[in-house]
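# Structural characterization, general
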Amino acid sequence: MTNSVSVQSESFDLAAEYRQFGADDAGIGAVVAFVGRVRDLNLDRNVVALSLEHYPGMTEKALQRIADEAAIRWPLNAVRVVHRVGDLKPTDDIVLVLTASPHRKDAYEANQFIMDYLKTRAPFWKKEHGVDGEARWVDARDSDYSALERWEHALKTNWGIVDHD
Amino acid sequence: MREIDLLFFARLREVLGVGHERLSLPETVRTVADLMGLLCQREGKWAEELGGKRLFRVAINQEMASLDAEIPAGAEVAIFPPVTGG
């Protein structure tokens, strides 16, 4: 079981990440890859650039904990999370989540769980730079929190797991 | 007096005009809620942001913490807006 996380300003290479991911593990039957990208539109405004601030130290710990929690809840062979920080522009990749398991259902579910948790627990903040030259911090979305609550409800109902924080 | 390192991030860092400060806590300040009370005494933006009208999150030694969490001596306490990564 290998869970690894990286926080970096440089871009990531999906093919290279995939090649290294659980490469020698013949028990892996399914790998799910999620890539999050910068859009040029958020709510009603044109975005020309995005800067991502984070909390060095806590960020890595939070991502590692999320990856480890997923591995407790689903039978996973490996998890890889890469999140970029710094200055980005539309079409740039922001985040990569790879999950591997014997069967696809677990890899899909765990991947979605990791993204839902990351969006509400990992200390990253986005600042958008609009076409009008204005910079604005992005507000947290209620929908991200309802996604989290759905997981917590499902996990408690199905497995009796109570979140510890 | 207990010394702590206080960190601010993102919008809060900009609005409050500080990213890091060293702070001595009086004996009466034990919890996160007590600390917020202390910071709100600075009035203006501090009271506006931390007085309960706007959402914020707190981490103690890089773990998310609730308002009733105790602050240990020498702690790193971070205050920041709800996160928006991913």
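Right above here is the structure, for reference.
A few points on the structure. Computed from a predicted structure; not experimentally measured.

## Let's talk about the overall build of chain B
Of the regular secondary structure elements, chain B holds three helices and five strands. Going residue by residue from the N terminus, the α and β elements of chain B occur as β-α-β-α-α-β-β-β. Taking 2.2 N^0.38 as the reference for a compact globule, 86 residues should give roughly 12 Å; the C-alpha atoms of chain B span a radius of gyration of 12 Å, in line with that estimate. Seen through its C-alpha atoms, chain B measures out along the principal axes to roughly 35 × 30 × 20 Å. Here chain B holds 86 residues, and 30% of them are scored as buried. When contacts within chain B are restricted to residue pairs at least 6 apart in sequence, long-range pairs at least 24 apart make up 54% of them.

## Remarks on the sheet that holds strand E1 (residues 2-8) of chain B
Residues and elements named next belong to chain B. Taking strand neighbours across the sheet as the criterion, the five strands line up as E2-E1-E5-E3-E4 in an open arrangement whose pairing is mixed. Each edge of the open sheet carries a strand with a single partner, namely strand E2 (20-25) and strand E4 (63-65). Across the sheet, the axes of successive neighbouring strands diverge by a mean angle of 35 degrees, strand direction being ignored. Two strands pair when backbone bridges link them, and strand E3 (residues 57-60) and strand E5 (residues 76-80) are joined in this way by four bridges, in the antiparallel orientation. Residue pairing across strands places Arg 57 opposite Phe 80, the latter belonging to E5.

## A look at the environment of Gly 44 of chain B
Assignment of secondary structure puts Gly 44 of chain B in helix H3 (residues 44-50). Put simply, Gly 44 of chain B and Arg 11 of chain B are 33 residues apart on the chain and 16 Å apart in space, counted from C-alpha to C-alpha.

## Digging into the nonpolar core
Counting residues in hydrophobic clusters, the biggest one holds 54 residues, and the most contacted among them are Ile 66, Ala 67, Ala 70 and Ile 114 of chain A together with Phe 9 of chain B. Looking at this core, the element that brings in the most residues is helix H2 (residues 58-73) of chain A, giving seven residues. Ala 70 of chain A has contacts with Leu 76, Val 79, Ala 110, Phe 113 and Ile 114 of chain A, leaving out every residue within four places of it along the chain.

## Structural notes on the sheet that holds strand E7 (residues 93-101) of chain A
Residue and element names in this part refer to chain A. Spatial strand order, E1-E5-E7-E2: four strands in an open sheet with mixed pairing. The sheet is open, and its two borders are formed by strand E1 (2-8) and strand E2 (30-37), each paired with just one other strand. With strand direction ignored, the average angle separating the axes of adjacent strands in the sheet is 5 degrees. As judged from the six bridges shared by strand E5 (residues 78-84) and E7, these two strands associate in the antiparallel manner. In the strand pairing of E7, Ala 78 is matched with Ala 100. On top of the sheet, H2 reaches E1 and E5; it is set at about 150 degrees to E1, its chief contact. Contacts between helix H3 (residues 104-121) and the sheet are confined to E2, E5 and E7, with E7 contributing the most and set at about 145 degrees to the helix.

## Section: the interface of chain A and chain B
Taken together, the contacts link 21 residues of chain A with 14 residues of chain B. When contributions to the side of chain A that touches chain B are tallied by element, the ones reaching two or more residues are H2, H3 and strand E8 (124-130) of chain A. Top contributing element to the side of chain A that touches chain B by residue count: H3 of chain A, with four residues. Class assignment of the residues belonging to the side of chain A that touches chain B gives a composition of twelve nonpolar, four polar and five charged.

## Section: H3 of chain A
In a regular helix each residue adds 1.5 Å, so 18 residues correspond to 26 Å; H3 of chain A covers 25 Å between its end C-alpha atoms and thus fits that length. When H3 of chain A is considered as a whole, its buried residues turn out to be Asp 106, Ala 107, Ala 110, Asn 111, Phe 113, Ile 114, Asp 116, Tyr 117, Leu 118, Lys 119 and Thr 120 of chain A.

## Here we look at the environment of Glu 109 of chain A
All names here are of chain A. By the element assignment, Glu 109 lies in helix H3. Note on Glu 109: 18 C-beta atoms within 10 Å, which makes it partly exposed. Sequence separation of Glu 109 and Val 32 is 77 residues, and the distance between their C-alpha atoms is 9.4 Å.

Reading the values: the criteria
Residues numbered from 1 in each chain as written. Chains lettered and ligands numbered in written order. Predicted model: local features only at pLDDT ≥ 70, side-chain atom pairs only at ≥ 80, totals over all residues. Helix = DSSP H or I, 4+ residues; strand = E, 2+ residues; numbered from the N terminus. Rg over C-alpha atoms; globule rule 2.2 N^0.38 Å. Buried ≥ 20, exposed ≤ 12 C-beta atoms within 10 Å, placed from the backbone. Contact = placed C-beta atoms within 7 Å. Pairing = 2+ DSSP bridges. Axes fitted to C-alpha atoms, helices over the stretch in contact; angles between N-to-C directions. Core = buried A, V, L, I, M, F, W, Y, C linked by C-beta atoms within 7 Å. Nonpolar A, V, L, I, M, F, W, Y, C, P; charged D, E, K, R; others polar. Expected span 1.5 Å × (residues − 1).

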